[in-house]
Amino acid sequence: MKRNKKLNIMYKLILGFGILIVAWLVNSIITIKTLSNNRKIIEEIANNYIVSLSQLQELSDLVIDSKLLIKTWVYIDKKNDTQDKIRLKEIHATRFPNTKMKLEKIYGYWTPEERLKLNTILKTISDTLFSQQKYVMAQLDSFDKYNDPMIFFEISFLMEEDQGETMLLINKIKDDLEELIAIYENKVTLSKIEMNNSLKRFGTMVFFMAIIFLVLLLITAYFMSQMIVKPISKLTNAADLMSTGNLNVKVDIQTKDEIQLLAEAFNHMAENLKISRDKITAASLRLADEHKKVQEANDKITASIHYAKYIQNAILPPTELVNNILHDNFVLFKPKDIVSGDFYWVQQIDNLSFVAVVDCTGHGVPGAFMSMLAYAFLNEIVGRANNNVAQILNSLRIQVKHSLRQETDTNVIKDGMDIALCLIDNENHTLLFSGAYRPLYHIRDATLNEVKADKMPIGLHIFEKDSFTQHELKLQKNDVIYIFTDGYHDQFGGDENRKFLTKKFKELLLEIHTLKMNEQKQILDIRFEQWKGNRQQVDDVLVIGIKIW
């Protein structure tokens, strides 16, 4: 099929809706014509027939009134200027001329015969009837003349019912007017009948046009369904089958339009997807095999890391040793991974108690390697450091830099560690402290004093000082000492996903420092988990608390 037929669907839609539009236009034209014809009939009835009928009736009433009033003039009202005599004069002077003028305005719509008949009647009224009535009125214009037998006899002869000349003339005029009135009553009736027949024809026409329109609509809908909806439905069903994984589906559509192009593209896509699926299946099998190998290697590595954890735990001082050296204390230790870059170190030499928290670079396996190195160096150095904690850190820094070749190779990774190291003299109640980035908190009488550490690590540093600083504290009973790594206060959490920070950490320690040490540990652990929530732990956590006894 050629691509230049891509507009066929539009042509089909135009054809289908064009038929409906033409049918609607024909119906509208017939409707407008019928309504226009009815409007003309209504206007003719309203403007001609009904008005003419009204004016003819008014003229007939005027003639009848003149008959009654002239008889009253002759036989009843003998006085001058009675109400009825005035009314008769008004008929002659104003009412008849007004009615005549109205009739002359509208009888342009009349037939020539009707106009001739009306003119004859009007002329008879004005020239003959009113002349006779005026003669009677002039003969009987005073009370004395009513008593003149000759005059009254002559007038009575004119006014005699069914025989008098005047009465016969009035009856003749009435008959002629009634003929005209009957003609226009008949015209009104015929016009109404014609209008009703037209409305009936219009209703019948609307009914049949509605049926024709409905039939055309059904035919158009059927052909649209066969040409557009049905092929699209085939494509939709094929797409549904493809979505279930059936790529063998094919669509056969011969509509010679865009839908056929779409069907051919769909079949081509299905074929390509089938080829791609076969390739992906083969690749998935290879990937599954590789994944199995990786999983096996990962299991071995994980097993090795677990064994490394066992070794790391083995070098950490056992709880019994920590309690014997530090007495009233707690250790909160929460590694981020299986093995940890943080560790704590405790040792007793004579009456001197050494305790340290160490945060090696990184966490997990790299940190664990550094922690093993630092642990070995501390055990080696403390024995020959002459009880000077600053000197212990100086020596530890030398050992670490030498072991990591940081003294000679400027391109090495600047690995190292942060540390807080304490020496507690239980006899003299003193504490010596030296720190590399890790401070010491000392609480006495609900007041927290921070003993700051040097701002340089154990390892290579660009602003390295010659020696770490040694601080000495005088201790009292119930003083509480805290040393810790940065994992606790650097943890993200809370409603706004922010760090816990040292300010909150200090406030928490002040809140719990009077409690028993195991209770403090539980609260610190609970608050940490509540703050962290469902988020990932960002670093190893290590906090040691010591109450002076």
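My aim in this report is to walk through the structure given alongside it, one point at a time. Note that the coordinates shown come from a computational prediction; the quantities given were computed from them, not determined experimentally.

Some details on the layout of surface pockets
Empty space among the atoms becomes visible once a probe the size of a water molecule is rolled across them.
For step 1, the next point in the chain: Space inside the largest pocket adds up to approximately 200 Å³.
For step 2, the next point in the chain: In terms of lining residues, the largest pocket is bounded by Y437, R438, P439, Y441, E450, K452, A453, D454, K455, F484, H489 and T502.
For step 3, the next point in the chain: In terms of residue class, the lining of the largest pocket is made up of five nonpolar, two polar and five charged.

Remarks on a nonpolar patch on the surface
For step 1, the next point in the chain: A surface patch of nonpolar side chains, about 530 Å² in accessible area, is lined by F207, F208, I211, I212, V215 and I219.
For step 2, the next point in the chain: You can see F207 is positioned in helix α6 (residues 165-243).

Re unusual backbone geometry
For step 1, the next point in the chain: Not every positive phi belongs to a glycine, and Y437 is a case in point at roughly 70°.
For step 2, the next point in the chain: By the element assignment, Y437 lies in the loop between β5 (430-436) and β6 (440-444).
For step 3, the next point in the chain: The class for Y437 is partly exposed, based on a relative accessible area of 34%.
For step 4, the next point in the chain: One non-glycine residue, N478, adopts positive backbone phi at about 75°.
For step 5, the next point in the chain: Within the secondary structure layout, N478 lies in the loop between β9 (471-474) and β10 (480-484).
For step 6, the next point in the chain: The exposure class of N478 is partly exposed, given its relative accessible area of 48%.

What about the environment of L542?
For step 1, the next point in the chain: Looking at the secondary structure, you find L542 in strand β13 (residues 541-547).
For step 2, the next point in the chain: Overall, the relative accessible area of 1% leaves L542 in the buried class.
For step 3, the next point in the chain: Sequence separation between L542 and D359 is 183 residues; the distance between their C-alpha atoms is 8.7 Å.
For step 4, the next point in the chain: Contact partners of L542, with chain neighbours within four places excluded, come to V331, L332, F333, D342, F343, Y344, V357, V358, I483, F484 and T485.

Section: the pattern of salt bridges
For step 1, the next point in the chain: Counted under the stated rule, the structure contains 18 salt bridges.
For step 2, the next point in the chain: The residue K334 makes a salt bridge to D525 at a minimum N-O spacing of 3.0 Å. Remark: D525 occurs in helix α12 (residues 517-532) and K334 occurs in strand β1 (residues 329-334); sequence separation between them is 191 residues.
For step 3, the next point in the chain: Put simply, D490 and K499 hold a salt bridge, and the shortest N to O gap is 4.0 Å.
For step 4, the next point in the chain: Sharing partners across several salt bridges, the network here consists of K334, D525, E529 and K532.

Definitions and cut-offs
- Residues numbered from 1 in each chain as written.
- Predicted model: local features only at pLDDT ≥ 70, side-chain atom pairs only at ≥ 80, totals over all residues.
- Heavy atoms only, no water.
- 1 Å grid on protein atoms, 1.4 Å probe; cavity = no way out; pocket = protein on both sides within 12 Å on 5 of 7 lines; lining within 4 Å.
- Points joined across faces, edges and corners; volume = space filled by probe spheres on them.
- Nonpolar A, V, L, I, M, F, W, Y, C, P; charged D, E, K, R; others polar.
- Patch = residues over 30% accessible without salt bridge, like charges linked within 9 Å, V, L, I, M, F, W, Y side chains within 5 Å.
- Areas by Shrake-Rupley, 256 points an atom, 1.4 Å probe, with all protein chains shown as cover.
- Salt bridge = Lys/Arg side-chain N within 4 Å of Asp/Glu carboxyl O.
- Helix = DSSP H or I, 4+ residues; strand = E, 2+ residues; numbered from the N terminus.
- Buried < 20%, exposed > 50% of the residue type's maximum accessible area, 1.4 Å probe, protein only.
- Contact = heavy atoms within 4.5 Å.

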